[in-house]
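These are the residues of each chain, in order.
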Amino acid sequence: GPFLAAVPSQSADAFPAAGPGSLFKKRPRRKDVARSFTFRGGLSDVVDAVAARPGVSALTGAVVREVRRGGGGFEALLADGRSLEAPLLALAVPPSMAAALTRADFPELSARLARVKMAALETVGVVVPRERVRLPEIAFLVPFDDLFWSAVSRDPVPDPRLRAFAFHFRTGHTREARLSRIAEVLGCGEADFLHVADKTTMLPSPVLGHGEAVAELDRLLAGGALAVTGNYFEGLAIEDCVARSRAEWRRVSGA
């Protein structure tokens, strides 16, 4: 149970055993793709590489308030009053956000997206001098019953001076309690934390019947030029998200 819960950082008791929303899938192995690797700058290297491609324009720091049908296809209304138009549009955001963006011109799709269950995750990352940590080097840590679901470490990509950890906590605990527990697990003092980062994330929480919900979303999207992708269709894994995005691109572009 704890190991299953550590994957989505929430109770996995009601997760489907197979199909959309399931945790584990058997995939054919490709010998031309490395199975174990990392990026020097993390996953942001992928985003930076895409943004640098010829013909790609990246607009950062922009808040989209609404998505509407436009004369040329779609119109994205920004918080600063500007609007962007495009013949094709893809939403790669949590289902609750996608529901809010599409509420005006796509009410049926919005209502279906709003019913996808979500769970909150509170993550705390810390950086500590290597000599101050008593915990042996690890890739991850799964407690049997604790304040946190799991913790992951930067140890697989070691640094000679520092160690870094991200603890995924259950909700309902104070920041003080979270930092105290991290220090206790690492065997150091809170004063040893050189850097602390907090982040709250909303993750999908699929239950039995999630496959039917995904099928309904696909039915509502069929035949249109609006694509919706994310980690609540095929699965939580990055590979699942990429597969969904590629499938949506083929659908809306006719490629």
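This text goes with the structure placed above it.
The rules behind these values
Residues numbered from 1 in each chain as written. Predicted model: local features only at pLDDT ≥ 70, side-chain atom pairs only at ≥ 80, totals over all residues. Heavy atoms only, no water. Pairing = 2+ DSSP bridges. Helix = DSSP H or I, 4+ residues; strand = E, 2+ residues; numbered from the N terminus. Axes fitted to C-alpha atoms, helices over the stretch in contact; angles between N-to-C directions. Buried < 20%, exposed > 50% of the residue type's maximum accessible area, 1.4 Å probe, protein only. Arc of directions from axis to C-beta. Contact = heavy atoms within 4.5 Å. Patch = residues over 30% accessible without salt bridge, like charges linked within 9 Å, V, L, I, M, F, W, Y side chains within 5 Å. Areas by Shrake-Rupley, 256 points an atom, 1.4 Å probe, with all protein chains shown as cover. Salt bridge = Lys/Arg side-chain N within 4 Å of Asp/Glu carboxyl O.

Caption draft 1: Structural view of the sheet that holds strand β1 (residues 64-70). Strands sit in the order β1-β2-β3 across an open sheet of three strands; the sheet is antiparallel. Among the strands making up the open sheet, the edge pair consists of β1 and β3 (83-86). If you compare each strand with its neighbour and ignore which way they point, the axes differ by 20 degrees on average. Relative to strand β2 (residues 73-78), β1 is paired through six bridges, and the arrangement is antiparallel.

Caption draft 2: The arrangement of helix α4 (residues 107-114) in detail. For α4, every residue scored as buried is listed here: Leu109, Ser110, Arg112 and Leu113. One side of α4 holds all its buried residues, which, seen down the axis, span an arc of 165 degrees. For α4, exposure combined with an orientation more than 90 degrees from the buried face picks out Pro107 and Ala114. Buried residues along α4 sit in contact with α3 (95-101), α6 (210-221) and β10 (226-228).

Caption draft 3: View of a nonpolar patch on the surface. A cluster of nonpolar residues, Phe37, Phe39, Leu43, Val46, Val50, Val56, Ile238 and Val242, forms a patch on the protein surface that exposes about 700 Å² of accessible area. Breaking the nonpolar patch down by element, the ones donating at least two residues are α2 (44-51) and α7 (238-253). Relative to the helices and strands, Leu43 is located in the loop between α1 (2-6) and α2.

Caption draft 4: Up close: the pattern of salt bridges. What the rule picks out here adds up to 15 salt bridges. A salt bridge links Arg244 to Glu248, with the shortest nitrogen-to-oxygen separation between them at 3.6 Å. Here Arg244 and its partner Glu248 are both found in helix α7, four residues apart, which amounts to about one turn of the helix. This pair shows no difference in class: Arg244 is buried, exactly as Glu248 is. For Glu248, a relative accessible area of 6% puts it in the buried group. What you see here is one network of salt bridges that share partners, running through Asp218, Arg244, Glu248 and Arg251.

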